[in-house]
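# A structural walkthrough
This is what each chain is made of:
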Amino acid sequence: MSTLASSGGTLTASGSGRLGRWGIQGVTYALLSVGALMMVTPFLWMLITSFKPAPELVEFAWLPKSPTLANYERVLTTSNFTRWYFNSIVVALFSTTCVVLFDSLVGYTLCKFEFPGKNLIFLGMLATLMVPTEMLIIPWFDMSVRWSWNTGLAQYWGIAFPGVITAAGVFLMRQFFNGVPNDLLDAARMDGMSEFGIWAKIGVPLTLAAMAALAIFNFIGNWNAYLWPLIVASERAYYTLPVGLSFFRGESTTEWEKIMTAASLASLPLLCVFLVFQRYIIAGVALTGLKG
């Protein structure tokens, strides 16, 4: 009898333990769902507003009474929106490609090579992270004017050059290359492989998650950049999307329907990046935490 009572008590305790865990998980998922809904709501409101005619903007209603595509037609035909879109894509892709290439090469060099002053160079690069971007705008602009990077096609390079290599990216890649075994690299050297080949065929595959995360975050940062493109671009045709969107706001009136429409179109590349590469984002963030 005592044995049965003991086993019954154990079953009851384990059952209540499972119920407790399920209750905690249920509350956790409920809170996460509420947080996700709060984050998605502004985006949904923006998207729905882009289909509303101007008179309906003053009405507090989620769904438009008379949905229309006229806002999209006006944005695409009455402004330089397509040119601004092209400019943002060119600058973001170019900067991201350069960051992934140069940051990974510098990180590999600082991690796997021994030469005088290596640690001093690395500390100097890290020290630049303490300098606010706003303090660098004046020397950047002076350099752009001296070398005519703010005129003609050179404006693309003028907008992109501050982001072709980043100290944070070098630090990230150096930390990840620390996890690549030196014995593996030495074996490749004994087989006659060049250092660039070792980086490309051994280092890159082993740090692909970090490089993908670096590329994604850099692309998003360049896509959303506003202050520097506004300052360095001297012609409206070379503005990027964030700068161009500000022209839909006038001195006395603001065309909110056009702003919402343009913002909805501008968010499409970012949504595609998140949907296609979200597993790399999660892996990169997780590995960054482990390497930190």
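Residues numbered from 1 in each chain as written. Predicted model: local features only at pLDDT ≥ 70, side-chain atom pairs only at ≥ 80, totals over all residues. Heavy atoms only, no water.

Our focus in this paragraph is the pattern of salt bridges. For the structure on display, the rule yields five salt bridges. Between arginine 74 and glutamate 257 there is a salt bridge, and its shortest N-O distance comes to 3.4 Å. With a gap of 183 residues between them, arginine 74 in helix 2 (residues 70-77) and glutamate 257 in helix 13 (residues 256-266) connect regions that are remote in the sequence. Between aspartate 186 and arginine 189 there is a salt bridge whose closest N-O contact spans 2.9 Å. Of this pair, aspartate 186 and arginine 189 both sit in helix 8 (residues 182-190), separated by three residues, roughly a single helical turn. In this structure, a network of salt bridges that share partners links the residues Asp186, Arg189 and Glu195. (Salt bridge = Lys/Arg side-chain N within 4 Å of Asp/Glu carboxyl O. Helix = DSSP H or I, 4+ residues; strand = E, 2+ residues; numbered from the N terminus.)

The next thing to look at is the packing of helix 4 (residues 118-127) against helix 7 (residues 167-177). Packing of helix 4 against helix 7 leaves a shortest axis separation of 8 Å and a crossing angle of 135°. Between helix 4 and helix 7, the interaxial angle falls into the category oblique. The crossing of helix 4 and helix 7 is left-handed. Contacts between helix 4 and helix 7 involve Phe122, Met125 and Leu126 from the first element and Ala167, Val170, Phe171 and Arg174 from the second. Of the residues assigned to the contact of helix 4 with helix 7, the class counts are six nonpolar, no polar and one charged. (Axes fitted to C-alpha atoms, helices over the stretch in contact; angles between N-to-C directions. Parallel < 35°, antiparallel > 145°, perpendicular 65-115°, else oblique. Left-handed = near helix turned anticlockwise from the far one by under 90°. Contact = heavy atoms within 4.5 Å. Nonpolar A, V, L, I, M, F, W, Y, C, P; charged D, E, K, R; others polar.)

The next point concerns the nonpolar core. Membership of the largest hydrophobic core comes to 32 residues, with the highest contact counts inside it found for Phe81, Tyr85, Phe219, Trp223, Trp228 and Leu241. Top element by residues in this core is helix 3 (residues 81-112). It accounts for five residues. Apart from residues lying up to four places away in sequence, leucine 241 is in contact with Phe81, Trp84, Tyr85, Ser88, Trp223 and Ala266. Among the nonpolar cores identified, the runner-up in size contains 19 residues, and Phe176, Ala188, Ile202 and Leu214 belong to it. (Core = buried A, V, L, I, M, F, W, Y, C linked by side-chain atoms within 4.5 Å. Buried < 20%, exposed > 50% of the residue type's maximum accessible area, 1.4 Å probe, protein only.)

Nothing here speaks to function; it is geometry throughout.
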